[in-house]
Each structure stands twice: as C-alpha cells, then as structure tokens.
Amino acid sequence: MRSTTTRGETADDADGLTVGRTARLVGVSVRTLHHWDEIGLVRPSTRSWAGYRLYDTDDVARIHQVLVYRETGMSLAEIARVLDSPDVDPRAHLARQRELLTDCIAHLTRMLRAVDTMMEETMNETDLTAARRASIFGTDWGEQWREEAEERWGGTDEWAQSEARKAAMTQEDWARVAQESLQLITALVDAKREGVKPGSRRANELAEQHRASIDQWFDTTHSKQVLIARGYVADPRFTEFYDGHEAGLTAWLKEVIDANAAAHGVDPANACWE
C-alpha cells in the first residue's frame, strides 16, 4: 500500500479502493471488474490488511483507458494488446484514444471532451487521483448494456452473426457506422418535426434505413424490426435515448416501423422473431 498521498488525493485513494467502490466510481458493474481481473486486463494491485484486493490510482487509470477504447468498438483482446505494448507510453495512449474518438461523432462527443481534458492535464504533468479521473470521465459507459445483451442473446444465431461481422470491421468501418447512425437520427428527428405520417413514402424510406442499420449486424426481417421497435417503447433506456433527441420520437418511430412492416405483409400485432 502507498504510505503517502499526492496532491488532491484522499487517504482512501492512497490505501486503495475495493472492487465495489471502484465500480461505483467509474460507472461499471462489479461483474465487469471481476471479468477484467480474470482475463488479466485490469487487476487490482494491492491488498488491504484484511486481504481484500484493492485498486490503486494507476489501476483506475487503466480502467478508464479500457473504457475509452471499448467506446470505440475495440475488443477486450485488442485493448489488452494495445495497453500492454512496451512501445506505447501513457501520453501516446491518450493521443490514440483521441484520434479514435474523433471518428465516433454521435455517442462519443462527451468522451472526446474527457480525453482532451486528460491530455491537457497529462501534458501539464498533473498527478491525477482516481476521483479526479472519475470526475472527468463520468459514469455513462455502455459496458452494462453489453453484459445484458450477451446474457439475453449470447446463444442465438443473431449474436454469433453480429460478433463475426464486428470482428471483421476496421476502424474506418466503425467511423462510418458512427456517422451513419448520426445521420439516421437526424433524419428521423427532422421527419417527425415536419409532421411526416407513418405509412407515407418518406416514412417508409426511413423505416428501411432503420432496418438497414440493424441488418448490418444480423439479418433483420420486417417482423424482427417490429419486435425490436416494440422493445424501444417498453424499455425506458431506449425511450430516453430517442426522446432525448426529440420528444415523442420513440413512439413515432415504432408507428413508422409498424406501418412499413404492414405494407410488407407483416401484422405488427402478431409479429414473430423469424
């Protein structure tokens, strides 16, 4: 354990953080940290007097590096190779993270600002505490969503198809996906604001664009799309995402998808996963 504290560091920071406190600090689940420990991606460096494994400031810094790379779509195995490369120093990691995040325009805008801040403080040789890093990066990570999706769909053909397609993607592919996602959201918001009616030609075209955005990950029929849209209005997290761009967008999008599916011979009320 460390015997001294650095500027702005508390005694608890110096002694180390338990897995539960670390999880709350950075915004991931305890299960995620246990998994990363098991695969050797991020392991707590110290122990308490009672034998509990503790994360120190450097461990929290590595967790944030992992989270930033995960937000760009990199696999855990690829992240481990990058972080453990002897030829890359911490400042180079931040520079690479910023370059990747710049390409992920929509979801990663806040993360880009965080990396900018980290780069500035690193260049100024600021000794960042775990709490300071957490205040910069926040807790809005997608890791728990990934865990939930894998628990629910991990054994399906669609999951296997999606994982295979993602594994074959380049960084340019991920940048393209981010740009197309932003363009689709913008088009949906504009259409709703302009009063586009479900079932109209423009609405149907948007429904097909939405289906294509899912179809790039796994084969998506109109029937599957209906069920996915049904989940949008049932899950408050999806509703928050879409309605965060435009009030009522979630329900409107579901109506658009249902109407387009009906035009392709699917009864939305009795849609099946096929």
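Owing to the predicted nature of the structure, the values given are computational and were not obtained by experimental measurement. (Residues numbered from 1 in each chain as written. Predicted model: local features only at pLDDT ≥ 70, side-chain atom pairs only at ≥ 80, totals over all residues. Heavy atoms only, no water.)

Peer 1: Hey, could you run me through the packing of aromatic side chains in this one?
Peer 2: Two descriptors summarise a pair of aromatic rings, namely the distance from one centre to the other and the angle between the planes of the rings. Scanning the entire structure with this criterion turns up two aromatic pairs. Between F218 and W273 the ring centres are 6.2 Å apart and the planes differ by 40 degrees, which places this aromatic pair in the tilted class. Residue F218 is located in the loop between helix 12 (201-215) and helix 13 (222-234), and its partner W273 is located in the segment after helix 15 (249-263); the two are separated by 55 residues in the primary sequence. Taking relative accessible area as the criterion, F218 reaches 15% and is therefore assigned buried. Residue W273 is classed as partly exposed on the basis of its relative accessible area, which comes to 36%. Seen in terms of ring centroids, Y232 and Y242 are 5.0 Å apart; in terms of plane orientation they differ by 45 degrees. Their pairing is tilted. Placement of the pair is Y232 in helix 13 and Y242 in helix 14 (residues 236-245), with a sequence separation of ten residues. (Phe/Tyr/Trp six-rings, centres within 6.5 Å; stacked < 30°, edge-to-face > 60°. Helix = DSSP H or I, 4+ residues; strand = E, 2+ residues; numbered from the N terminus. Buried < 20%, exposed > 50% of the residue type's maximum accessible area, 1.4 Å probe, protein only.)

Peer 1: How should I be thinking about helix 12 in this particular structure?
Peer 2: The α-helix winds at 3.6 residues per turn, so residues separated by three or four positions along the chain end up facing the same way. With 15 residues, helix 12 extends 21 Å from end C-alpha to end C-alpha; this agrees with the ideal 21 Å at 1.5 Å per step. Listed as buried for helix 12 are A203, N204, L206, A207, H210, R211 and I214. End-on view of helix 12: buried residues confined to an arc of 160 degrees, all on one side of the axis. (Expected span 1.5 Å × (residues − 1). Arc of directions from axis to C-beta.)

Peer 1: When you look at the packing of helix 13 against helix 15 in this model, what are you seeing that I'm missing?
Peer 2: How two helices pack is summed up by the angle between their axes together with the distance between the axes. Interhelical geometry of helix 13 versus helix 15 gives an angle of 165 degrees and a closest axis separation of 9 Å. Classified by the interaxial angle, the pair formed by helix 13 and helix 15 is roughly antiparallel. As helix 13 runs across helix 15, the sense of the crossing is left-handed. From helix 13, H222, Q225, V226, A229, R230, Y232 and V233 reach across to helix 15, where they touch T250, A251, L253, K254, I257, D258, N260 and A261. Partitioning the contact of helix 13 with helix 15 into residue classes produces eight nonpolar, four polar and three charged. (Axes fitted to C-alpha atoms, helices over the stretch in contact; angles between N-to-C directions. Parallel < 35°, antiparallel > 145°, perpendicular 65-115°, else oblique. Left-handed = near helix turned anticlockwise from the far one by under 90°. Contact = heavy atoms within 4.5 Å. Nonpolar A, V, L, I, M, F, W, Y, C, P; charged D, E, K, R; others polar.)

Peer 1: Can you walk me through helix 10 (residues 157-167) in this structure?
Peer 2: Of all the positions in helix 10, only E158, W159 and S162 are classed as buried. All buried residues of helix 10 fall inside an arc of 100 degrees around its axis, so they share one side. Exposed and facing more than 90 degrees away from the buried side of helix 10 are D157 and A167.

Peer 1: Just to check I follow, could you spell out the nonpolar core for this structure?
Peer 2: As a rule of thumb, nonpolar side chains are buried together in soluble globular proteins. Core analysis: the largest hydrophobic core is formed by 28 residues, its most contacted members being L188, W217, Y232, Y242, L249, W252 and L253. Here the element with the most residues in this core is helix 11 (residues 171-193); it accounts for seven residues. In contact with L188, not counting residues within four places along its chain, are L206, L249, W252 and L253. Of all hydrophobic cores here, the second largest spans 20 residues; its members include A23, W36, L41 and V82. (Core = buried A, V, L, I, M, F, W, Y, C linked by side-chain atoms within 4.5 Å.)

Peer 1: Is there a simple way to explain the environment of V82 in this structure?
Peer 2: For V82, the location among the structural elements is in helix 5 (residues 76-83). Residue V82 is classed as buried on the basis of its relative accessible area of 15%. Linking V82 and Y69, residues 13 residues apart in sequence, is a C-alpha distance of 9.6 Å.

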